[in-house]
Structure formats: C-alpha cells, structure tokens
Amino acid sequence: MSLDEGTILLHNPACSKSRAALLMLEERGGDFTVREYLLDPLSREELDVLQGFLGLSPLDWTRTGEAEWGETGLGLGAAAEDVLDAIARAPRLLQRPILIRGGSARVGRPPERLLELLEE
C-alpha cells in the first residue's frame, strides 16, 4: 500500500492516544485503513514521503524519550536524514498516531488534531 492511497492511520494498539484516535475515526464513520506500523514498518522511502506530508522536521515526530532513541547515539541536533534512518531501523521511534490523507498528514497529539485533516 502506498502512503498516497486513501486515508491511513499509522496506529500502535498499545498506545492510549492511538486507541483514542482509532475510536474517534471509527465513530466518525469514514473510510480509512489502519496500518500497525510496528508489525508493518514504514520503509525508508515511505518515511521520506511522510516527512513531506507532515511538513515538519523528523525530530518533531520522533519519540526521543524511547530507549531506542538513546541507542541511536543521536542528539536533538541530529540531521533529518539520520533521524529518518533511525526510525526506519527502530519503528517504535515513530510518533503515534499519525493520519495520512490526500498528500497531507497530522500527528494526533492530541487525537483531535487528526480531525483537522479530515476537515480540509
């Protein structure tokens, strides 16, 4: 599946914010696909596309508090390419949830931010 096909929720069922986003989207009744990115990680190329959709520095959507971040040896001044490489190797570093739709994406922190994308 390509990131520019339909509406996709990048979801981690262990995350309360991600579960809340999924419930909110289900209640809204729209057509979307759920991608559990820990089971089906984004490729490095998909992460490049996602960066363009988000329009943010990768550090803005990286979970730098995770143990995996410390293992990368990267700091908060790391180059975007290095951060994307780290997320590709350790998908747990990807912030969640993220909703992708029509060449745009939003990080659901809080989950209600995802509605902005549906209203565009």
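Each remark here, short or long, concerns the structure printed above.
Below, the structure is looked at part by part. In this text, all values refer to a predicted model and were calculated from it rather than measured experimentally. (Residues numbered from 1 in each chain as written. Predicted model: local features only at pLDDT ≥ 70, side-chain atom pairs only at ≥ 80, totals over all residues. Heavy atoms only, no water.)

1. What to know about the sheet that holds strand 2 (residues 33-36)
Right, so step 1: Spatial ordering of the open sheet is given by 2-1-3-4, a layout of four strands whose pairing is mixed. A strand with exactly one partner marks an edge of an open sheet, and here the two such strands are strand 2 and strand 4 (104-107). On average, adjacent strands in this sheet sit at an angle of 20° to one another, irrespective of strand direction.
Right, so step 2: Relative to strand 4, strand 3 (residues 98-101) runs antiparallel, the two sharing four bridges. Looking at strand 4, one finds that Ile 98 is bridged to Val 107.
Right, so step 3: Contacting strand 1 (7-11), strand 2 and strand 3, helix 1 (residues 16-28) runs over the sheet at an angle of about 155° to strand 1.
Right, so step 4: Against the sheet, helix 2 (residues 44-54) touches strand 1, strand 2, strand 3 and strand 4, its axis set at about 85° to strand 4. (Pairing = 2+ DSSP bridges. Helix = DSSP H or I, 4+ residues; strand = E, 2+ residues; numbered from the N terminus. Axes fitted to C-alpha atoms, helices over the stretch in contact; angles between N-to-C directions. Contact = heavy atoms within 4.5 Å.)

2. Digging into the pairing of strand 1
Right, so step 1: Counted residue by residue, strand 1 has five buried out of five residues, so it is predominantly covered.
Right, so step 2: Where strand 1 lies against strand 3, four bridges are found, and the strand directions are antiparallel. If you follow Leu 9 over to strand 3, its bridge partner there is Leu 99.
Right, so step 3: Pairing analysis gives four bridges linking strand 1 to strand 2, with the strands arranged parallel. For His 11, the partnering residue across the bridge sits in strand 2 and is Glu 36.
Right, so step 4: Once the chain exits strand 1 it traverses helix 1 before rejoining the sheet at strand 2, and the crossover so formed is right-handed. (Buried < 20%, exposed > 50% of the residue type's maximum accessible area, 1.4 Å probe, protein only. Right-handed = clockwise from strand over helix to strand, strands pointing away.)

3. Focus on the nonpolar core
Right, so step 1: Ranked by size, the top nonpolar core spans 24 residues in total, and within it Leu 10, Leu 42, Leu 50, Trp 61, Leu 94, Ile 98 and Ile 100 carry the most contacts.
Right, so step 2: In this structure, Ile 98 is in contact with Ile 8, Leu 9, Leu 10, Leu 50, Leu 54, Ala 105, Arg 106 and Val 107, ignoring residues within four places of it in sequence.
Right, so step 3: Among the nonpolar cores identified, the runner-up in size contains 11 residues, and Met 24, Phe 32, Leu 114 and Leu 117 belong to it. (Core = buried A, V, L, I, M, F, W, Y, C linked by side-chain atoms within 4.5 Å.)

4. Points about the pattern of salt bridges
Pairing is possible between side chains of opposite charge, provided their charged atoms come close.
Right, so step 1: Per the counting criterion, the structure on display carries nine salt bridges.
Right, so step 2: In this structure, the salt-bridge partner of Arg 44 is Glu 81, at a minimum N-O distance of 2.5 Å. One end of the pair, Arg 44, is in helix 2; the other, Glu 81, is in helix 4 (residues 80-89), with 37 residues separating them in the sequence.
Right, so step 3: Take Glu 81: its relative accessible area is 45%, and that puts it in the partly exposed class.
Right, so step 4: Among the salt bridges present, the one from Arg 113 reaches Glu 116, with a minimum N-O distance of 3.3 Å. (Salt bridge = Lys/Arg side-chain N within 4 Å of Asp/Glu carboxyl O.)

5. Quick notes on helix 2
Right, so step 1: For helix 2, the full list of buried residues reads Arg 44, Glu 46, Leu 47, Leu 50, Phe 53 and Leu 54. For helix 2, the angular spread of the buried residues around the axis is 160°, confining them to a single face. For helix 2, exposure combined with an orientation more than 90 degrees from the buried face picks out Glu 45 and Gly 52.
Right, so step 2: Looking at the buried residues of helix 2, the elements they touch are strand 1, strand 2, helix 4, strand 3 and strand 4.
Right, so step 3: After helix 2 finishes, the residue Gly 55 shows a positive phi value of roughly 70°. (Arc of directions from axis to C-beta.)

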